[in-house]
Amino acid sequence: MYTTPYWIPFFDLYNGNFMALDFAPTEKGIPGQVIRFGADQEIGYQEAESLNAFLEELLDSEEFEEFEDEY
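Residues numbered from 1 in each chain as written. Predicted model: local features only at pLDDT ≥ 70, side-chain atom pairs only at ≥ 80, totals over all residues. Heavy atoms only, no water.

### Points about the overall build of the chain
Move 1: For the chain, the count of helices and strands is two helices and four strands.
Move 2: Sequence-ordered secondary structure for the chain, helices as α and strands as β, is β-β-β-β-α-α.
Move 3: Counting the 71 residues in the chain, one finds 25% classified as buried.
Move 4: Just so you have it, the chain exposes about 5400 Å², and 55% of that area is on carbon and sulfur atoms. (Helix = DSSP H or I, 4+ residues; strand = E, 2+ residues; numbered from the N terminus. Buried < 20%, exposed > 50% of the residue type's maximum accessible area, 1.4 Å probe, protein only. Areas by Shrake-Rupley, 256 points an atom, 1.4 Å probe, with all protein chains shown as cover.)

### Description of the environment of Asp-40
Move 1: Its location among the elements puts Asp-40 in the loop between β3 (33–38) and β4 (41–48).
Move 2: With 23 residues separating them along the chain, Asp-40 and Asn-17 place their C-alpha atoms 6.9 Å apart.
Move 3: Apart from residues lying up to four places away in sequence, Asp-40 is in contact with Asn-15 and Asn-17. (Contact = heavy atoms within 4.5 Å.)

### Looking at the sheet that holds β3
Move 1: Here we have four strands laid out as an open sheet, ordered β1-β2-β3-β4, and antiparallel in their pairing. The sheet is open, and its two edges are formed by β1 (7–12) and β4, each paired on a single side. Across this sheet, the average inter-strand angle for adjacent strands is 35°, counted without regard to direction.
Move 2: Taken together, the five bridges between β1 and strand β2 (residues 17–22) define a ladder with antiparallel strand orientation. Directly across from Ile-8, in β2, lies its bridge partner Leu-21.
Move 3: Helix-sheet contacts for helix α1 (residues 51–60) involve β1, β2, β3 and β4, and the interaxial angle to β4 is about 75°. (Pairing = 2+ DSSP bridges. Axes fitted to C-alpha atoms, helices over the stretch in contact; angles between N-to-C directions.)

### Details of the pairing of β3
Move 1: In terms of residue burial, β3 counts as a mostly covered element, since five of its six residues are buried.
Move 2: Where β2 lies against β3, six bridges are found, and the strand directions are antiparallel. Note on β3: the bridge partner recorded for Phe-18 is Phe-37.
Move 3: Where β3 and β4 come together, four bridges link them in antiparallel fashion. Among the inter-strand pairings, Arg-36 is bridged to a residue of β4, identified as Tyr-45.

### Things to note about the environment of Ile-43
Move 1: Examined against the element boundaries, Ile-43 turns out to sit in strand β4.
Move 2: Accessibility expressed as a relative area gives 48% for Ile-43, which makes it partly exposed.
Move 3: Distance in space between the C-alpha atoms of Ile-43 and Thr-3 is 8.0 Å, their sequence separation being 40 residues.

Keep in mind these numbers describe shape, not what the thing actually does.
Here's what the structure looks like:
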């Protein structure tokens, strides 16, 4: 399955791929998990268990610290 209406994209990665909230996870997933999917991927890959966890990981990342220092 390439995509489903239950994957709600919220960020365009500008290469045909997206970050999305997944409300139709497989039996191993969690409803509301954050996934990466798109043209380069046959399935959705879990990035975080929830949007909250995704944002916490983003805020703790070195890239965000570098961005914060610049601005």
